[in-house]
Amino acid sequence: MNSISRSENQALARTVLELDVNNHPGVMSHVVGLFSRRSYNVEGILVMPVGNGDTSRIWLLVNEDERLDQMVKQIEKLEDVLAVHRHGAEHEVFVRLEEFFR
Amino acid sequence: MSQPTPETLTGAQIVVRLLERQGVRTLAGIPGGAILPIYDALSKSVLIHHVLARHEQGGGFLAQGMARATGMPAVCMASSGPGATNLLTAIADAKLDSIPLVAITGQVPRAMIGTDAFQEVDTYGLSIPITKHNFLVSSADDLLSVIPQAFRIAASGRPGPVLVDIPKDVQNQLVEVSNWPDPGCADPVPAPAAELIDRAAAMINAATRPILYLGGGVVHSGASGTAVSLAEKARLPTVMTLMALGAMPVDHPLSLGMLGMHGARCTNLALDECDLLIAVGARFDDRATGKVAGFCPQAKIIHIDIDPSELDKIKTAHIGIAGDVGTVLQSLLPAIAAPVHDDWLARVASLKAEHPLRMPGIDDPRTPYGLIRAVANCLDDAATITTDVGQHQMWVAQAYPLRRPRQWLTSGGLGTMGFGMPAAIGAALAEPERTVVCFTGDGSILMNVQELVTAAEENVNVKIVLMNNSSLGLVFQQQTLFYGERIYASKFKGMPDFIRVAEGFGVPAIDLDQESDPLAALARALSTSGPMLIHASIAMHEQVLPMVPPGAANKEMIGG
């Protein structure tokens, strides 16, 4: 996937991943490291604490390529990841955020 | 588990107490400024024997040797900065071979983190991609949960390394401890789905040309005996990965030995013809499969692994079963019917007869195969064999009669030169009643040669068989075969006098080249106690064959 052009990249279907994680300083690094080592770009990222702040929710917007199933399994293996849910690109979390990027 | 009266202890004392409670009796490491509080506490421990390595990587491999020999998590320690970075290779090696390791590193005090303090490095960040999990401990109180967790994570499911980075001020922080946590131990693994077991059994019963493919997970799970029972009941020709050698005795009638890049022709050819591949605790590594599209092209696949992310990673399985491989094999056994595939067994027998592993010089101790066989003839199955990485490793994998799980300790996934000797020291410390033989090469041994003095100091029963071909043999071989014989940077011009090197480090040595009766000299050396280096020259042109060219399908073997 490294060689695909920017326009091809934008034409790919998107997936939104929702991760429930323990909230501590290293957890983001654990998650995004799985993507960066595979040269798999994370197109969008959003994280906020949930409830009393013991856990956070991470939203990731990624391209849907053939490695996505493996990515989800790798994320599920992380000790600090409590749950992973997959959503379609139509999920509104990033749609509503887009107005901040105009 | 509760203490009657609260104790006030430092973080360092808590670490040591938790290691003792965990059952750790030997650990390896090197002290330095940022881990001195822990070493001070360790000095008071009457239970723990600290082995002073001479390079942190050596300490890491020493711990790996203990973990690989016993299956239990082992501990290594290092200080901050270079101490931690020196450990990284041994940690990455443990990750790729799924070895339970707990690495404890000192870190600069919390207030100095991020200031580029002396010997500060981002150990946490550096170790993320090469550990199963890691911790940067922010208070002494947290150690009470972090240390048991580290052992639990290292041992649970698919084992692996865990790093605990502890700032110096946390080591010095005083905490009142009234209750001690239970030692961390492996989480139970969920039972496999019964429906999948039934379908897998039906597929095995219906197969006409099945092959059982065992990986390192069989050894980790303690499932070798069960795997052999399955093979016998279902009459399955069986191949093993480099990591699984010893899971089935290599001279078992159903054994086809090691598959892949340096497997026997008959082994790779049988795989090419099979109609069912039963992969157990194996991860379809590229050195085992060759070009994946050409690997078992006609076969349906049953894949059993404790790590769900291994299923469908390289090859899509027709039936993927996530679970402890020992448990899965146990539940499969009763559902296996008496199979009828005599034609297939006859075909495999004829492949073995026509295309066996050829081991030229097996009777001559001055050749690679002959030397390995001569060593084996002096020992029984109680001996533990470690290797470094390169030609000698592949020759030993091919020729040594491995018959026992955990008899064989080798760096498979990362392929780390320098692994063998410190791992042998660790194995000998963990199981002092065994003779441990480390096969190494003149390239590999120099990568952790400093641990010779550790071997002398600990007086471990380690015999280092140094196969000296004055070159980086596997590089030399690849340049010969695939780079138009343009030999570059693989022939050593300067050669140390390894006898004097060993003796200088306090390890007795013999040179088989100088012995008129090398077999007798070898037998004498292997029967003495304590460390010994056994030097033997071999010819530079000797190759590991057969060989699948990198990127080719396994049936496209050169030589052999």
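Note that the structure is a prediction, hence the values are computed from the model and not measured. (Residues numbered from 1 in each chain as written. Chains lettered and ligands numbered in written order. Predicted model: local features only at pLDDT ≥ 70, side-chain atom pairs only at ≥ 80, totals over all residues. Heavy atoms only, no water.)

Digging into the overall build of chain A
The number of helices and strands found in chain A is 4 helices and 4 strands. Walking chain A from its N terminus toward its C terminus, one meets helices and strands in the order α-β-α-β-β-α-β-α. Partitioning the intrachain contacts of chain A with sequence separation of at least 6 by distance along the chain shows that 73% fall at a separation of at least 24. (Helix = DSSP H or I, 4+ residues; strand = E, 2+ residues; numbered from the N terminus. Contact = heavy atoms within 4.5 Å.)

Examining the UniProt feature "domain: Thiamine pyrophosphate enzyme N-terminal TPP-binding" (unreviewed entry) in chain B
With numbering aligned to this structure, UniProt lists the feature "domain: Thiamine pyrophosphate enzyme N-terminal TPP-binding" (unreviewed entry) at residues 10–124 of chain B. The distance from the first to the last C-alpha atom of residues 10–124 of chain B is 22 Å, and the span holds 44% helix and 18% strand. (UniProt positions renumbered as here; feature names shortened; annotations may be inferred.)

A few points about the interface of chain B and chain A
If you look at the interface, chain B gives 14 residues, while chain A gives 11 residues. When chain B packs against chain A, the two sides together hide about 950 Å² of surface, and 49% of this comes from carbon and sulfur. Per-residue buried area on chain B facing chain A is highest for B:Ile128, B:His133 and B:Ser309; these three make up 45% of the total on that side. One can count 2 salt bridges joining chain B with chain A. The interface formed by chain B and chain A includes 9 residue pairs in polar contact (both at pLDDT 80 or more). Listed by contribution, the elements that provide at least two residues to the side of chain B that touches chain A are strand S6 (133–136) and helix H6 (140–155) of chain B. Residue composition of the side of chain B that touches chain A, grouped by class: 6 nonpolar, 3 polar and 5 charged. (Buried area = accessible area lost by both parts, 1.4 Å probe. Salt bridge = Lys/Arg side-chain N within 4 Å of Asp/Glu carboxyl O. Polar contact = N/O pair within 3.5 Å; in protein donor to acceptor, adjacent residues only side chain to side chain. Nonpolar A, V, L, I, M, F, W, Y, C, P; charged D, E, K, R; others polar.)

Here we look at the packing of helix H3 (residues 56–70) of chain B against helix H17 (residues 420–430) of chain B
Residue and element names in this part refer to chain B. Interhelical geometry of H3 versus H17 gives an angle of 50 degrees and a closest axis separation of 6 Å. Classed by the angle they form, the pair H3 and H17 counts as oblique. Our pair here, H3 against H17, has a crossing hand that is right-handed. Of the residues in H17, those touching H3 at Gly58, Phe61, Leu62, Gly65, Met66, Ala69 and Thr70 are Pro422, Ala423, Ile425, Gly426, Ala427, Leu429 and Ala430. The residue makeup of the contact of H3 with H17, split by class, is 10 nonpolar, 4 polar and no charged. (Axes fitted to C-alpha atoms, helices over the stretch in contact; angles between N-to-C directions. Parallel < 35°, antiparallel > 145°, perpendicular 65-115°, else oblique. Left-handed = near helix turned anticlockwise from the far one by under 90°.)

Here we look at the UniProt feature "domain: Thiamine pyrophosphate enzyme central" (unreviewed entry) in chain B
Cross-referencing UniProt, the feature "domain: Thiamine pyrophosphate enzyme central" (unreviewed entry) maps to residues 197–332 of chain B in the present numbering. For the annotated span residues 197–332 of chain B, helix accounts for 35% and strand for 20% of the residues, and the straight-line distance between the end C-alpha atoms is 6 Å.

Focus on the packing of aromatic side chains
A complete count under the given rule lists 7 aromatic pairs over all chains for this structure. Taking 5.4 Å as the distance between ring centres and 90 degrees as the angle between the ring planes, the aromatic pair formed by A:Phe35 and A:Tyr40 counts as edge-to-face. For the pair A:Phe35 and A:Tyr40, a shared accessibility class is recorded, and that class is buried. Among the aromatic side chains, those forming a connected cluster through ring pairs are B:Tyr213, B:Phe284 and B:Phe295. (Phe/Tyr/Trp six-rings, centres within 6.5 Å; stacked < 30°, edge-to-face > 60°. Buried < 20%, exposed > 50% of the residue type's maximum accessible area, 1.4 Å probe, protein only.)

Overview of the UniProt feature "domain: ACT" (unreviewed entry) in chain A
UniProt's entry tags residues 16–89 of chain A with the feature "domain: ACT" (unreviewed entry), counted in the numbering of this structure. Within the segment residues 16–89 of chain A, helix and strand shares are 27% and 45% respectively, and the terminal C-alpha atoms sit 6 Å apart.

Comments concerning helix H8 (residues 194–206) of chain B
Residues and elements named next belong to chain B. In a regular helix each residue adds 1.5 Å, so 13 residues correspond to 18 Å; H8 covers 18 Å between its end C-alpha atoms and thus fits that length. When H8 is considered as a whole, its buried residues turn out to be Leu196, Ile197, Ala200, Ala201, Met203 and Ile204. One side of H8 carries all its buried residues, which in axial view fall inside an arc of 160 degrees. In H8, the exposed positions that point more than 90 degrees away from the buried face belong to Ala194, Asp198 and Ala206. Along its buried surface, H8 packs onto helix H10 (224–234), strand S12 (276–280), strand S13 (300–305), strand S14 (319–322) and helix H13 (325–332). (Expected span 1.5 Å × (residues − 1). Arc of directions from axis to C-beta.)

Side note on the pattern of salt bridges
Side-chain pairs of opposite charge can arise whenever the charged atoms involved come near each other. The final tally for this structure, using the stated rule, is 28 salt bridges over all chains. Among the salt bridges present, the one from A:Arg14 reaches A:Glu43, with a minimum N-O distance of 3.8 Å. Residue A:Arg14 is located in strand S1 (residues 14–22), and its partner A:Glu43 is located in strand S2 (residues 42–50); the two are separated by 29 residues in the primary sequence. Looking at A:Arg14, the relative accessible area reads 24%, which means it is partly exposed. Close ionic contact of B:Glu7 with B:Arg17 constitutes a salt bridge, the shortest N to O distance being 2.9 Å.

Describing the environment of B:Ala90
All names here are of chain B. In this structure, Ala90 sits in helix H4 (residues 82–96). Accessibility expressed as a relative area gives 0% for Ala90, which makes it buried. C-alpha separation for the pair Ala90 and Leu414, spaced 324 residues apart in sequence, amounts to 9.4 Å. Residues in contact with Ala90, not counting those within four places in the same chain, are Gln57, Gly60, Phe61, Gln64 and Leu101.

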